[in-house]
Amino acid sequence: MLLRTRSDIPSSEITPKETFEAYKCSRRSVMAGLGAIGAAAAMAGMPELARAEAKLTNLVTTNYTVSDRATTPPEKAKSYNNFYEFGESKSDPAANAWKMKTAPWSLKIEGLVKKPQTLSSDQIFGFKPIEQRVYRFRCVEAWSMVIPWDGYPLSNLINVAEPLPSAKFVQFLSLADPKEMELPAGIDWPYTEGLRMDEAMNPLTLLTFGSYGETLANQQGAPIRVIVPWKYGFKSAKSIVKIRFVDKMPPTTWNELAPNEYGFYSNVNPNVDHPRWSQAHERLLNTNSIFPKIVPTLMFNGYGDQVASMYAGMDLKKDF
Ligand code: MTE
């Protein structure tokens, strides 16, 4: 999601892909190691700041398991993250997100609803049995993982708030606290994302509190995030503090930064390339190998049966 355009960079400065991959992998493992040591040392000094990952009880396993792909090892899913509030490199969130205080936490539901309310994370966790769903998760940067996410359909929470008929879109706002986060310049914080109402109500859209049977690690967006498996990963907002029901398409962080690169819909679509790279294939980060398999990307990330009908009649090249 770098914003510098190719045209700014002379071709002599562009690193050959092989060199980049090799360098990136070695740099990543060194930094992940340093990050883990730094985080452990810091946690020892300030254990009250972050809620440690805890086992989730009463998990109901559902039939969303992706049978043709192995599950990404948890240490990979928790050390290769995008969470720009904590820095721009993949290892920054694991190194820095321990500073975020995730308890107590409250989520405000506001806007076009009959029952606006503020709920604590514990109220939200206890509201329904927590399901485990193994989803494919595809980043716009053309890598993907396979992750068991734990939560329940967002629609369960939406129904509690009783949206008005005028509510057409849902906006998610993440925490933006300069005391706990780096909040790099260039992004208008808080991070915000949005879905059309039918997308938010789709049974695949998961209000997520955990992964691998444990509460989310801070770098994954603890204590509450959204997972929208048929869309690029940036639609899945982390550490959300507000859900707002609105009548017009809401602004979203990446669309505001680069509207020609990141559309509101951002459905995984191998037929519509990002202006700077192809979306036809992805690096499958589901092993610890430094040579990930490259596989073809599937339309709607393979969830077409459950979601394609929501886009019937739309031109997905225009509404990308
Ligand atoms: N949510 C917030 N608040 N801030 C972010 O920077 N990054 C997005 C999304 N949600 C992001 C966010 C992007 S670009 C991706 S790919 C996914 O989170 C990454 O989720 P993961 O780190 O759990 O793989």
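Scroll up for the structure.
Quick caveat, the model's predicted, so the values are computed rather than measured.

What counts, and at which threshold
Residues numbered from 1 in each chain as written. Predicted model: local features only at pLDDT ≥ 70, side-chain atom pairs only at ≥ 80, totals over all residues. Heavy atoms only, no water. Pairing = 2+ DSSP bridges. Helix = DSSP H or I, 4+ residues; strand = E, 2+ residues; numbered from the N terminus. Axes fitted to C-alpha atoms, helices over the stretch in contact; angles between N-to-C directions. Salt bridge = Lys/Arg side-chain N within 4 Å of Asp/Glu carboxyl O. Buried < 20%, exposed > 50% of the residue type's maximum accessible area, 1.4 Å probe, protein only. Near = heavy atom within 4 Å. Polar contact = N/O pair within 3.5 Å; in protein donor to acceptor, adjacent residues only side chain to side chain. Areas by Shrake-Rupley, 256 points an atom, 1.4 Å probe, with all protein chains shown as cover. Nonpolar A, V, L, I, M, F, W, Y, C, P; charged D, E, K, R; others polar.

### What to know about the sheet that holds strand 11 (residues 240-246)
Now for step 1: The strand order across the open sheet built from five strands is 3-2-11-6-7, with neighbouring strands paired in mixed fashion. Unpaired on one side and paired on the other, strand 3 (117-120) and strand 7 (192-196) mark the two borders of the sheet. Ignoring strand direction, the axes of neighbouring strands in this sheet form an average angle of 20 degrees.
Now for step 2: The sheet contact formed by strand 6 (residues 169-174) and strand 11 spans six bridges and is antiparallel. Along strand 11, the bridge assignment pairs F169 with V246.

### As for the pattern of salt bridges
Now for step 1: Inspection of the entire model under this criterion finds 19 salt bridges.
Now for step 2: Between E53 and K78 there is a salt bridge whose closest N-O contact spans 2.9 Å. With E53 in the loop between helix 1 (17-45) and strand 1 (59-61) and K78 in the loop between helix 2 (74-77) and helix 3 (92-96), this pair connects stretches of sequence that are 25 residues apart.
Now for step 3: Its relative accessible area of 12% is what places K78 among the buried residues.
Now for step 4: Linking R244 and E110 is a salt bridge whose minimum nitrogen-to-oxygen distance equals 2.7 Å. Of this pair, R244 sits in strand 11 while E110 sits in strand 2 (residues 106-111), placing them 134 residues apart in sequence.
Now for step 5: The class of E110 is buried, set by a relative accessible area of 17%.

### Let's talk about the site of the ligand
Now for step 1: The immediate surroundings of the ligand are formed by 15 residues, with Y84, E85, R225, S236 and K238 found nearest.
Now for step 2: Within the side chain of R225, a nitrogen or oxygen atom sits 2.8 Å from an oxygen atom of the ligand.
Now for step 3: Here the ligand, which alone exposes 530 Å², has 100% of that area covered by the protein.
Now for step 4: Taken together, the residues of the shell around the ligand sort by class into seven nonpolar, five polar and three charged.

### Let's talk about unusual backbone geometry
Now for step 1: With an omega dihedral of -5 degrees, the bond running from A103 to P104 counts as a cis peptide bond.
Now for step 2: In this fold, P104 is placed in the loop between helix 3 and strand 2.
Now for step 3: Omega for the peptide link from A222 to P223 comes to -5 degrees, which places this bond in the cis form.
Now for step 4: Along the chain, the position of P223 falls in the loop between strand 9 (214-215) and strand 10 (225-227).
Now for step 5: If you check the backbone angles, Y212 has positive phi at about 55 degrees while not being a glycine.
Now for step 6: As for its placement among the helices and strands, Y212 is situated in the loop between strand 8 (206-211) and strand 9.
Now for step 7: Although it is not a glycine, F300 adopts a positive phi angle of roughly 50 degrees.

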